[in-house]
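Now for the letters of each chain:
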Amino acid sequence: MGLLARRNLFHDRVRFAVTLTGIVFALVLIIIQFGLFLGFTTTTSNNIDHSNADLWVVFHGVGYFDTGRNFSERKFYQVLSTPGVGQAEKYMQAFGRWKRPDGRVDNIQVIGFHPGSGLGEPWNVVQGSVADLKQEDSVLIDEVYRESLGVKKIGDKVEIGDHRARVVGFTRGIRSFTTSPFVYATFKNSLDYTNPASGENSTAYILVKAAAGVSPRELQERLRARLADVDVYTTAEFSRKTRFYWMFTTGAGLAVLTAALMGLIVGVAVVAQTIYAATMDHIREYGTLKAMGATNRYLYRVLIEQAVWSAVLGYGAAMIVAHFIVQASEKGGAVILMPWSMSIGMLVLAVVMCVAAALVSINKVTRIDPAMVFRG
Amino acid sequence: MDGGKRDYVIRGKGLSKVYREGATELRALQEVDLEVRAGELTLLMGPSGSGKTTLLSILGCILRASEGTLEVLGRDVSALPESELPRIRREGIGFVFQGFNLFPTLTAAENVALALDLRGIRAGEAKKRGEELLAEVGLAQKARSFPADLSGGQKQRVAIARALAGDPPILLADEPTAALDWTSGRTVIELLQRLARVHGRAVVMVTHDPRVLSFGDRIIHLEDGRIVREEKSVTRAIEEPSFLEVHPVAPAIAQEISI
């Protein structure tokens with residue numbers, strides 16, 4: 001039985017290559033679509049998730065990261081004086097205008113933080129360092145935006161909001177979900193670069209770390225009770241709100257999710273068609289088996305074993321292809337993420353898809369009239 | 001006839017088969033009574049559409065008769081549920097098809113072993129038995145060949161070896177020589193004859209080929225779904241005691257033709 005399943009699959013190499021190509025295409029399509037969705041989702045909340053903060057204090061009503069609205073820094077001192085606060089830092093997010101060395105102007109998002117504080121710092125710094133931001137008028141950008149921001153090397157000079165800025169380092173893989181790249185600077189410089197209407201004594205966010213032994217939830221309640229006109233979120237809450245906004249309140253995420261689901265449907269259809277065609281190629285042989293006395297259970301096992309083999313081999317090949325695509329995406333504007341949980345999920349999906357497709361064929365096979373074997 | 005003393009492996013009584021398609025009705029078989037004995041090669045003959053293959057399918061428990069009763073190896077299969085029939089086929093009947101119906105992706109030995117796998121025989125044992133059966137049909141050296149590399153006659157012998165895999169007492173063959181030249185066809189018919197006469201199997205064979213008539217022990221002629229005539233072959237007829245009583249020279253004839 002196992003031998004028949006394997007031989008039916010592997011004997012005709014061209015046929016097998018076609019079957020495998022169908023499965024690989026379907027799986028890669030699904031991986032790319034869901035990887036893009038995951039990449040977009042993660043990108044929207046990247047700065048929050050890497051902030052190392054327990055709590056975020058935001059202007060009342062701000063629903064997501066990219067629309068930080070400044071409030072008086074008096075709140076910052078109120079936070080600092082709240083029992084249970086281990087550390088608090090002011091944090092800036094505002095849109096600015098970046099003038100490239102060649103004179104072209106682009107929109108950017110300026111992120112201001114206190115280097116060395118450990119809160120709200122950029123990560124994956126591949127050239128230069130966070131400490132270099134302590135130099136006058138210095139900024140960090142992601143290497144993926146070098147070309148679009150007109151930066152060739154460390155030391156290149158630009159203008160941000162009519163202030164001089166010098167690139168002192170590059171991060172890797174910190175993308176913005178909007179079309180405006182993130183530019184990291186000290187909190188003080190970020191105010192200069194963005195000229196907030198609320199003046200210099202303001203902040204867009206306060207990042208809070210709970211003192212040892214104090215739970216973030218407990219501290220959140222204390223801060224909520226103490227502070228007016230601001231909202232206090234745990235990092236997970238604010239991250240979720242931001243992701244939810246971009247993915248579902250705007251059409252962006254829905255479009256990506258729809259594409260992912262379409263990928264899944266197309267993938268399932270391709271696999272179903274491929275496995276069905278492979279089964280139909282051998283339909284007369286299944287009729288012979290039935291005439292010889294094979295039970296439906298025997299036929300199920302042959303077909304399901306074929307489906308599992310197809311799924312596992314297709315999955316293996318798809319993972320190799322997907323690996324290269326994911327790697328290539330790291331240098332592009334839209335990242336495709338494939339965490340290990342997704343890799344395992346894809347194996348399960350591949351097996352389920354192939355077995356489900358085989359079940360469609362099974363229905364056909366078990367209804368074969370064994371008398372067909374006597375017809376010419 | 002001393003039918004009661006014979007080993008009947010199949011008894012069909014009043015077998016009819018009606019195919020219906022909408023208002024159209026086709027009576028493929030009409031009230032056929034038939035008994036098949038072990039140790040005999042029975043030939044079913046008749047023009048196209050006479051009901052030979054339908055009868056063979058019913059005898060092989062592949063098709064159900066619309067009317068009549070069928071007893072196979074002592075069991076009334078007409079009363080059995082559909083789900084029981086595969087077991088009857090698996091345990092009691094071997095099939096040989098006109099188009100061979102070998103699995104092209106399996107070698108000759110694997111084709112035979114597959115029939116044993118169906119019966120739950122372990123792979124190693126099935127492979128060994130498969131090779132033995134191929135040796136019995138004179139194809140030991142072709143055990144590892146794929147069907148595409150075999151001649152028509154060789155393919156049919158592999159199919160016969162496969163049909164013998166479960167050691168079934170009944171062998172049903174649907175025009176097994178039709179796709180073969182006479183040399184290959186003769187080898188196949190001789191093999192089937194040997195399986196009946198020497199090994200005591202009941203072999204029923206549908207054929208159009210008049211050249212195989214002399215090999216059959218009984219020849220049943222069908223027309224329009226009915227048995228119109230039944231003959232015994234000369235060799236079998238002269239073995240009957242009644243024949244010897246009527247024809248005193250029969251022993252001499254028998255000696256002459258080396259029975």
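In short, a report on the structure. (Residues numbered from 1 in each chain as written. Chains lettered and ligands numbered in written order. Predicted model: local features only at pLDDT ≥ 70, side-chain atom pairs only at ≥ 80, totals over all residues.)

Attention now goes to the sheet that holds strand β8 (residues 202–207) of chain B. Residue and element names in this part refer to chain B. An order of β6-β7-β8-β3-β9-β10 is seen for the 6 strands of this open sheet, with the pairing classed as mixed. For this open sheet the edge positions go to β6 (93–96) and β10 (226–232), each flanked by a neighbour on one side alone. Adjacent strand axes in the sheet meet at a mean angle of 20°, parallel and antiparallel pairs treated alike. Of the pairings in the sheet, the one linking β6 to strand β7 (residues 170–174) comprises 4 bridges and is parallel in character. If you follow valine 96 over to β7, its bridge partner there is alanine 173. Seen against the sheet, helix α5 (residues 152–163) touches β6 and β7 and runs at an angle of roughly 170° to β6. Sitting on the sheet, helix α6 (residues 182–197) touches β3 (41–45), β7 and β8, and the angle it makes with β8 is about 150°. (Pairing = 2+ DSSP bridges. Helix = DSSP H or I, 4+ residues; strand = E, 2+ residues; numbered from the N terminus. Axes fitted to C-alpha atoms, helices over the stretch in contact; angles between N-to-C directions. Contact = placed C-beta atoms within 7 Å.)

On to the pairing of β10(B), then. All names here are of chain B. The sheet contact formed by strand β9 (residues 218–223) and β10 spans 6 bridges and is antiparallel. Within the sheet, the bridge partner assigned to arginine 218 lies in β10 and is lysine 232. Between β9 and β10, which pair antiparallel one after the other, the connecting turn spans 2 residues, and aspartate 224 there sits at a positive phi close to 50°.

What follows deals with the interface of chain A and chain B. Interface size is commonly expressed as the accessible area that is lost once the parts come together. Taken together, the 19 residues of chain A in the interface contact 22 residues of chain B. Counting only elements with at least two residues in the side of chain A that touches chain B, the list comes to α1 (2–10) and α9 (283–291) of chain A. Counting residues per element, the side of chain A that touches chain B draws most heavily on α1(A), which supplies 4 residues. Residue composition of the side of chain A that touches chain B, grouped by class: 11 nonpolar, 6 polar and 2 charged. (Nonpolar A, V, L, I, M, F, W, Y, C, P; charged D, E, K, R; others polar.)

Turning next to helix α1 (residues 52–59) of chain B. The buried fraction of α1(B) amounts to 8 of the 8 residues, a majority that puts the element mostly inside the structure. Directly after α1(B), the chain includes B:Cys61, whose backbone phi takes a positive value near 60°. (Buried ≥ 20, exposed ≤ 12 C-beta atoms within 10 Å, placed from the backbone.)

The next subject is the packing of helix α2 (residues 13–44) of chain A against helix α8 (residues 251–280) of chain A. Residue and element names in this part refer to chain A. Viewed as axis vectors pointing N to C, α2 and α8 meet at an angle of 165°, and their least axial separation amounts to 8 Å. The angle between the axes of α2 and α8 places the two elements in the roughly antiparallel class. In the packing of α2 onto α8, the handedness of the crossing is left-handed. Classifying every residue of the contact of α2 with α8 by side-chain character gives 19 nonpolar, 7 polar and 1 charged. (Parallel < 35°, antiparallel > 145°, perpendicular 65-115°, else oblique. Left-handed = near helix turned anticlockwise from the far one by under 90°.)

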